[in-house]
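# Inside the fold
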Amino acid sequence: MISSLQKLSKMEATSVYPILLYTLNEFKQGNIELIEMEEILDYIIKYFVRRNITLRPKASNLRAKSLSAVRQMQVGIENTHLNIIKNNIKSLAADDDVFISALKNNIYDINKDTTRIILVDLEREFGRYFNKQRPDNLNDKIENKNQYRWTLEHIMPQKLKTNSSWAKNLEEKYGDMKDQVHLDNVHKLGNLTLTGYNSELSNNEFVDKRDYTDPTTGTFEGLRTPLFLNETIPNRLANETIGDKIYWTIEDIDRRNDELIDYVMHIYDPVSYTHLRA
């Protein structure tokens, strides 16, 4: 539950603080069971992932519904706390079409913290990299620094070196439109992953990012790191492997973006709202 509260603290969820304060106090008083409190937090987290990417609903409207939910919970009508919350705020949420449309854009530009939450949730839900011998440390911070050990990595760099293959390939294909094409695609979900070696990967060429090895251990720590997120870099429908892949194109970004959106919709389904892994 603490990890869920920490996640919410990054999500600009002040408009539902009345709900959170009321339900947490009810939990403290023993009027809400742990399992329902966890379900409430999961629901609100998933709600705000969608809200922070679509920018719907307005905070003022959500706050009014939040206060209405608290009043109903205080009256004690015959319903669960979670259902009262859903009945009040769900109608304001953006529908799937709006959410998918927003996910096709540069979501890193819309909300960096929420984008990181999406990537971490994807890895935890579908990945197999972490296990008993390699505990999940995705949200651990570097000692004495307010910085995550795992940070967002742009596969196609945010800044292109003038003589890099990135710049040359974009110019060759898109000519004078290369800068706009780069701007339109660089912050899409399909161009993002997680890494503990952001500064080492930097603005390097794709193959250098793919094959980066830790100088101490000699192990692959670049895009070959077997995260779920990295498994979607090659075109698996074409039986491509990460070792086969030597270029990263706009078409790759769009293809991977669509693939990841399918997984995102599975996690943040407003109907099922399946329990998130902690």
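Every value quoted in this text rests on a predicted model; they were computed, and no experiment measured them. (Residues numbered from 1 in each chain as written. Predicted model: local features only at pLDDT ≥ 70, side-chain atom pairs only at ≥ 80, totals over all residues. Heavy atoms only, no water.)

## Points about the overall build of the protein
In plain terms, the rule: Each helix is a run of H or I in the DSSP string that is no shorter than four residues. Each strand is a run of E no shorter than two, and both are numbered from the N terminus. It is over C-alpha atoms that the radius of gyration is taken, and the globule rule equals 2.2 Å times the number of residues to the power 0.38. Partly exposed describes any residue whose relative accessible area lies between the buried limit of under 20% and the exposed limit of over 50%, with all areas from a 1.4 Å probe on protein chains only and scaled to the type maximum. Residues are treated as being in contact if the distance between any of their heavy atoms lies within 4.5 Å. Surface accessibility follows the Shrake-Rupley procedure with a 1.4 Å probe radius. Residue values consider only the protein chains on display as shielding. Positive residues here are Lys and Arg, negative ones are Asp and Glu, while His and the chain termini are left out of the count. A charge is said to be at NZ when it belongs to Lys, at CZ for Arg, at CG for Asp and at CD for Glu.
A count of helices and strands for the protein gives 14 helices and 2 strands. Its C-alpha radius of gyration of 21 Å places the protein within 12% of the 19 Å reference for a compact globule of 278 residues. Considered along the principal axes of its C-alpha atoms, the protein spans approximately 65 × 45 × 35 Å. Within the protein, buried positions represent 47% of all 278 residues. A fraction of 70% describes how many contacts in the protein between residues 6 or more apart in sequence connect residues 24 or more apart. Looking at the protein as shown, the accessible area adds up to about 14500 Å², and 48% of this sits on carbon and sulfur atoms. Measuring between centres, the 37 positive side-chain charges of the protein sit 3 Å from its 41 negative side-chain charges.

## Digging into the confidence of the model for the protein
Any segment with low pLDDT has predicted coordinates that should not be analysed in fine detail. In plain terms, the rule: pLDDT is a residue-level measure of predictor confidence that goes from 0 to 100.
Summary statistics for the protein give a mean pLDDT of 93 and a share of 96% for residues scoring 70 or more. Segment residues 272-278 is flagged for pLDDT under 50; beyond a separation of four residues in sequence, or across chains, it makes 21 contacts in the model.

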